[in-house]
Amino acid sequence: MTLYFTEPIDDPLTGAEDFDCGVESLNDWLRGPAIGVERAGLGRTHLWRNETRVVAYITLAPHDVRQESVASRNRYGKRDRPVPGYMLARLALDKALHGQGLGTRLLTQALELVAEASQRAAGRLLVVDAIDDRAAEFYRAHGFKDMRAVADDRPQRLYRPIADIIADVT
């Protein structure tokens, strides 16, 4: 198996011209807004490269969740306070690498980064907005749970408690 390296996004971004995960919005985001989000401190993007070409990426960001969206054991304090956590804002793997188990490996690296971050800056949940039903099933297979329907939540929003992530990756 080819070795991939996880590294922070470079500015200016290089090696992403031919990236194609099969979802145009994810391809375009990497080549467009990703650098601006990084510069603004709104999210951190990490890349996998095969030599100099980007073959996958993840973006993590701070995130607050409405308490009524999650099971009571994942809440804290007063109901009007949001639950602090992280958002797995993007996860994309070049379609040439699909079907090799690398999506799970990429997600595992994202979970490891979140577990490490939570030890430095606390958070209770990791949230993801699955782009479609197939992605939602992928996340469910990796321990994510559906959020409770709240008016402004997206229909494919899922979460995983940080405590569960830490137990799995350590």
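Residues numbered from 1 in each chain as written. Predicted model: local features only at pLDDT ≥ 70, side-chain atom pairs only at ≥ 80, totals over all residues. Heavy atoms only, no water.

Caption draft 1: Layout of the pattern of salt bridges. Summed over all chains, the structure comprises 11 salt bridges. Where R53 meets D94, a salt bridge forms, and the shortest distance between an N and an O atom there is 2.8 Å. Linking R53 in strand 3 (residues 53-65) with D94 in the loop between strand 4 (83-93) and helix 3 (102-120), this pair joins segments that are 41 residues apart in sequence. Since its relative accessible area comes to 4%, D94 is described here as buried. In this structure, R157 and D129 form a salt bridge, with 2.7 Å as the shortest nitrogen-oxygen distance. Here R157 is found in strand 7 (residues 157-161), whereas its partner D129 is found in strand 5 (residues 125-129), with 28 residues between them in sequence. Connected via shared salt-bridge partners are E7, D10 and R49. (Salt bridge = Lys/Arg side-chain N within 4 Å of Asp/Glu carboxyl O. Helix = DSSP H or I, 4+ residues; strand = E, 2+ residues; numbered from the N terminus. Buried < 20%, exposed > 50% of the residue type's maximum accessible area, 1.4 Å probe, protein only.)

Caption draft 2: View of the packing of helix 1 (residues 24-31) against helix 2 (residues 33-40). At a minimum axis distance of 4 Å, the contact between helix 1 and helix 2 shows a crossing angle of 55 degrees. As judged from the angle between their axes, helix 1 and helix 2 are oblique. Where helix 1 abuts helix 2, its residues D28, W29, L30 and R31 lie against P33, A34 and V37. Grouping the amino acids of the contact of helix 1 with helix 2 by side-chain chemistry returns 5 nonpolar, no polar and 2 charged. (Axes fitted to C-alpha atoms, helices over the stretch in contact; angles between N-to-C directions. Parallel < 35°, antiparallel > 145°, perpendicular 65-115°, else oblique. Contact = heavy atoms within 4.5 Å. Nonpolar A, V, L, I, M, F, W, Y, C, P; charged D, E, K, R; others polar.)

Caption draft 3: Representation of the pairing of strand 2 (residues 44-50). By the criterion of burial, strand 2 is predominantly enclosed, with 5 of the 7 residues buried. By the bridge criterion, 4 bridges tie strand 1 (residues 5-8) to strand 2 in an arrangement that is antiparallel. Bridge pairing in strand 2 places P8 opposite H46. Looking at chain direction, strand 2 and strand 3 are connected through 7 bridges and run antiparallel. Bridge pairing in strand 3 places R49 opposite V54. Linking two consecutive strands that pair antiparallel, namely strand 2 and strand 3, is a turn of 2 residues; a positive phi of about 65 degrees is found at E51 within it. (Pairing = 2+ DSSP bridges.)

Caption draft 4: Region of interest: the environment of N27. Among the secondary structure elements, N27 is positioned in helix 1. For the pair formed by N27 and A92, sequence separation is 65 residues and the distance between their alpha carbons is 8.3 Å. When near neighbours in sequence (up to four residues on either side) are disregarded, N27 contacts F19, D20, C21 and G22. At a separation of 3.0 Å, a polar atom in the side chain of N27 contacts the side chain of D20. (Polar contact = N/O pair within 3.5 Å; in protein donor to acceptor, adjacent residues only side chain to side chain.)

Caption draft 5: Representation of the sheet that holds strand 7 within the structure. One open sheet accounts for 7 strands, arranged 1-2-3-4-5-7-6; its pairing is mixed. Whereas interior strands pair on both sides, the edge strands pair on one side only; in this sheet they are strand 1 and strand 6 (145-146). Across 5 bridges, the pairing between strand 5 and strand 7 is antiparallel. The partner of L125 across the bridge, within strand 7, is P161. Against the sheet, helix 5 (residues 162-169) engages strand 4, strand 5, strand 6 and strand 7, with an angle of about 60 degrees to strand 7.

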